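# Report on the structure
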Amino acid sequence: MNLQSELNKAEGFKNLELLAKQVVEGFIAGMHKSPFHGFSAEFAEHKIYNQGESTRHIDWKLFAKTDKLYTKRYDDETNLRCHIILDNSSSMHYPKLDSFSIDSLNKVGFSALAAASLMQILKKQRDAVGLSIYSDNYDYYAPEKGSERHHQMLLNHLSEAVVSKPQNKQTETYKYLHEIAEKIHRRSMIFLFTDMFQTSEDEVKLFEALRHLKYNKHEVVLFHVFDKAKELNFDFDNKPKRFIDVETGEYINLYADSIKEGYNKTVDTYFEALRLKCAQYKIKYVEADIKKDFNNILTTYMIERQKFS
């Protein structure tokens, strides 16, 4: 079976790798004179050319665009280990979409493209990356490797997750975070993409699982993925609607304005508790609104990577 052909038939990402390259290239272009070091195993950053320096590493293409002289700075190869965790429960497939682009994403699509973009940077640095995907099962695990074959395999699994359209896939995030933590033995950077919605209301178990990820001195970044307008602000018109829990199938008919105030208060309280617990456990918490660009994701990576030693 031609996997890429099948993915195209499913109307998912036409080319996830190409989109990831576009995201990364756009991010680099927007950085201008970067304050970050070690961005790549080869090219690390631009710095202003000082008279008397060798002209060997002047970026002439940049000179043509800016009329200013910059040189390229190069760093040695690195050996960072990174593990990406993707929540693929039913709630991550909100809102329902048939095709995906940079400008049209649901939560799982946003997460997959963000993960692929991080992988693109890690690939440039020749770093090792692994992947875990979970829903109501521990669906996929790959240990950290740096080969091109491994990179393509992970891209395929990310693409498959986006088009999987799980029906009533409930998840107990804490359960799978414990399992994943047990599999990662060598110190790594861990990126978790999840909307933090789970079937049970046992927040204590969820926070303890996040704490478990810090075991063995891992650096953990939680990308909290959600549709801010709808899921946080409850921005719906006041026409009668049926709201369906995609993980349980339960539903309720109501007018949005009748519960908006109470809903906002409950969700705000939960999100604030999550931020505080992450701070307590020294986990980096990053708000990832699917209606915004990926700069927040990639900038966070650059900053956290500098701290990793």
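Going by what an unreviewed UniProt entry lists, the protein is known as DUF58 domain-containing protein and is assigned to Algibacter aquimarinus.

The sheet built from six strands is open, its strands ordered E5-E4-E3-E6-E7-E10 with mixed pairing. The open sheet has two edge strands, strand E5 (138-145) and strand E10 (284-289), and neither has a second partner. For this sheet the average axis-to-axis angle between neighbouring strands, irrespective of direction, equals 15°. Across the sheet, helix H5 (residues 148-163) touches strand E3 (81-87), strand E4 (128-134) and E5, and the angle it forms with E4 is around 25°. Here helix H9 (residues 256-280) sits on the sheet in contact with strand E7 (219-226) and E10, set at roughly 170° to E7.

Within the structure shown, the criterion is met by 11 salt bridges. Glu17 serves as the salt-bridge partner of Lys123, at 3.5 Å between the closest nitrogen and oxygen. Of this pair, Lys123 sits in helix H4 (residues 107-124) while Glu17 is found in helix H2 (residues 16-31), placing the two residues 106 residues apart along the sequence. Given a relative accessible area of 17%, Glu17 falls into the buried group. Of the charged contacts, one joins Glu231 and Lys107 as a salt bridge, the two residues approaching to 2.7 Å between their closest N and O atoms. Placement of the pair is Glu231 in helix H8 (residues 228-232) and Lys107 in helix H4, with a sequence separation of 124 residues. On the basis of relative accessible area, Glu231 is assigned to the buried category, the value being 10%. Residue classification places Lys107 among the buried positions, given a relative accessible area of 0%.

Turning next to the environment of Ser111. The residue Ser111 is located in helix H4 in this model. For the pair Ser111 and Leu86, spaced 25 residues apart in sequence, the C-alpha separation works out to 7.3 Å.

Once that is clear, we can look at the packing of aromatic side chains. Aromatic ring pairs are reported here in terms of the distance separating the ring centres and the angle at which the planes meet. As enumerated under the stated definition, the model contains 10 aromatic pairs in all. With a centroid separation of 5.5 Å and 45° between ring planes, the pair formed by Phe13 and Phe100 is classed as tilted. Taken together, the positions of Phe13 in the loop between helix H1 (3-9) and H2 and Phe100 in the loop between E3 and H4 put the pair 87 residues apart, joining distant regions of the chain. Plain terms: the ring middles of Tyr270 and Phe271 are 6.0 Å apart, the flat faces sit at 55° to each other, and that makes the pair tilted. The class for Phe271 is buried, based on a relative accessible area of 2%. One aromatic cluster is present, built from ring pairs that chain together Phe191, Phe193, Phe223 and Tyr301. A cation over a ring is seen here: Lys183 above Tyr141, with NZ or CZ 4.5 Å from the ring centre.

Attention now goes to the nonpolar core. Counting residues in hydrophobic clusters, the biggest one holds 50 residues, and the most contacted among them are Phe13, Ile84, Leu113, Leu158, Phe191 and Phe193. For this core, the element with the highest residue contribution is H4, accounting for 11 residues. Excluding residues within four positions of it along the chain, Phe191 makes contact with Cys82, His83, Ile84, Ile85, Leu118, Val221, Phe223 and Tyr301. Counting residues in each nonpolar core, the second largest holds 29 residues, with Phe207, Ala209, Tyr281 and Tyr285 among its members.

A word on the pairing of E4. In terms of burial, E4 is a largely internal element, seven of the seven residues being buried. Burial along E4 is two-sided: the residues Ala128, Gly130, Ser132 and Tyr134 and Val129, Leu131 and Ile133 are all buried. For E3 and E4, the ladder comprises seven bridges, and the chain directions are parallel. Considered in E4, the bridge of Arg81 is made with Ala128. A crossover links E3 with its parallel partner E4, the connecting element being H4, and its sense is right-handed. In the sheet, E4 pairs with E5 via five bridges, with the strands oriented antiparallel. Bridged to Ile133 within E5 is Tyr140. What sits between the antiparallel neighbours E4 and E5 is a turn of three residues.

Conventions and cut-offs
- Residues numbered from 1 in each chain as written.
- Predicted model: local features only at pLDDT ≥ 70, side-chain atom pairs only at ≥ 80, totals over all residues.
- Heavy atoms only, no water.
- Pairing = 2+ DSSP bridges.
- Helix = DSSP H or I, 4+ residues; strand = E, 2+ residues; numbered from the N terminus.
- Axes fitted to C-alpha atoms, helices over the stretch in contact; angles between N-to-C directions.
- Contact = heavy atoms within 4.5 Å.
- Salt bridge = Lys/Arg side-chain N within 4 Å of Asp/Glu carboxyl O.
- Buried < 20%, exposed > 50% of the residue type's maximum accessible area, 1.4 Å probe, protein only.
- Phe/Tyr/Trp six-rings, centres within 6.5 Å; stacked < 30°, edge-to-face > 60°.
- Lys NZ or Arg CZ within 6 Å of the ring centre and 35° of its normal.
- Core = buried A, V, L, I, M, F, W, Y, C linked by side-chain atoms within 4.5 Å.
- Right-handed = clockwise from strand over helix to strand, strands pointing away.

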